[in-house]
Amino acid sequence: MTRLVLVVAAIFLVVGCKSGMGAPSCDYVMSCMAPCIPYLIDKGDLGPACCQGLVALKGSAPTTPDRQAVCRCLKLEESKLPIDWGRAEVLPNKCGVDPGVPISPNVNCSAIQAYH
């Protein structure tokens, strides 16, 4: 399982975190989060690429529908990984970035709002 997770992370790193128009796609969200996966599954240290991905993710989701789309994607993808939720909870603080979407399995995506 760990090997599969690392292969998926490597693929997303190659694809890169590049935004298009409209709500961010799940592929985009996961490309931004890919550098964080080793840290989130307790298999690596937090590196600058992870924090840069959070910054890009935040910038790609300025509206309520965008943030809700990011939230739904994170919930779907996180359910496939052995996430250490303690690490996930402190990730935004460690990076000094509020991505606008909680990284939590219990978040209600329909309640997420854009900052006003």
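Predicted, not measured: the structure shown is a model, and the values here were computed from it. (Residues numbered from 1 in each chain as written. Predicted model: local features only at pLDDT ≥ 70, side-chain atom pairs only at ≥ 80, totals over all residues. Heavy atoms only, no water.)

So, about empty space enclosed by the protein. Under the definition given, this model contains one cavity of 30 Å³ or more. Of the voids in this model, the largest cavity is the one considered here, and its volume is about 60 Å³. Along its surface, the largest cavity is lined by M30, M33, I37, L40, L74, E78, L81, I83 and I103. Put simply, the parts of the chain that give the lining of the largest cavity at least two residues each are α2 (26-33), α3 (37-40) and α5 (64-78). (1 Å grid on protein atoms, 1.4 Å probe; cavity = no way out; pocket = protein on both sides within 12 Å on 5 of 7 lines; lining within 4 Å. Points joined across faces, edges and corners; volume = space filled by probe spheres on them. Helix = DSSP H or I, 4+ residues; strand = E, 2+ residues; numbered from the N terminus.)

The next thing to look at is the pattern of salt bridges. In total, this model carries two salt bridges according to the counting rule given. Among the salt bridges present, the one from K80 reaches E77, with a minimum N-O distance of 3.4 Å. Relative accessible area serves as the criterion here: at 47%, K80 is assigned to the partly exposed category. Residue class for E77 comes out buried when judged on its relative accessible area of 17%. (Salt bridge = Lys/Arg side-chain N within 4 Å of Asp/Glu carboxyl O. Buried < 20%, exposed > 50% of the residue type's maximum accessible area, 1.4 Å probe, protein only.)

Once that is clear, we can look at unusual backbone geometry. A positive phi angle, close to 65°, is found at D42, a residue other than glycine. Position of D42 relative to the elements: it lies in the loop between α3 and α4 (48-60). Accessibility expressed as a relative area gives 43% for D42, which makes it partly exposed.

As enumerated under the stated definition, the model contains four disulfides in all. The partner cysteine of C26 in its disulfide is C73, sulfur to sulfur 2.0 Å. Measuring the twist about the S-S bond at about 90°, one finds the C26-C73 disulfide to be right-handed. Linking C26 in helix α2 with C73 in helix α5, this pair joins segments that are 47 residues apart in sequence. For C73, a relative accessible area of 5% puts it in the buried group. The residue that forms a disulfide with C51 is C95, at a sulfur-sulfur distance of 2.1 Å. Residues C51 and C95 share a disulfide whose torsion about the S-S bond is about -75°; that sign makes it left-handed. Placement of C51 in helix α4 and of C95 in helix α6 (residues 85-95) is noted, with a sequence separation of 44 residues between them. Overall, C51 belongs to the buried group, its relative accessible area being 16%. (Disulfide = S-S within 2.5 Å.)

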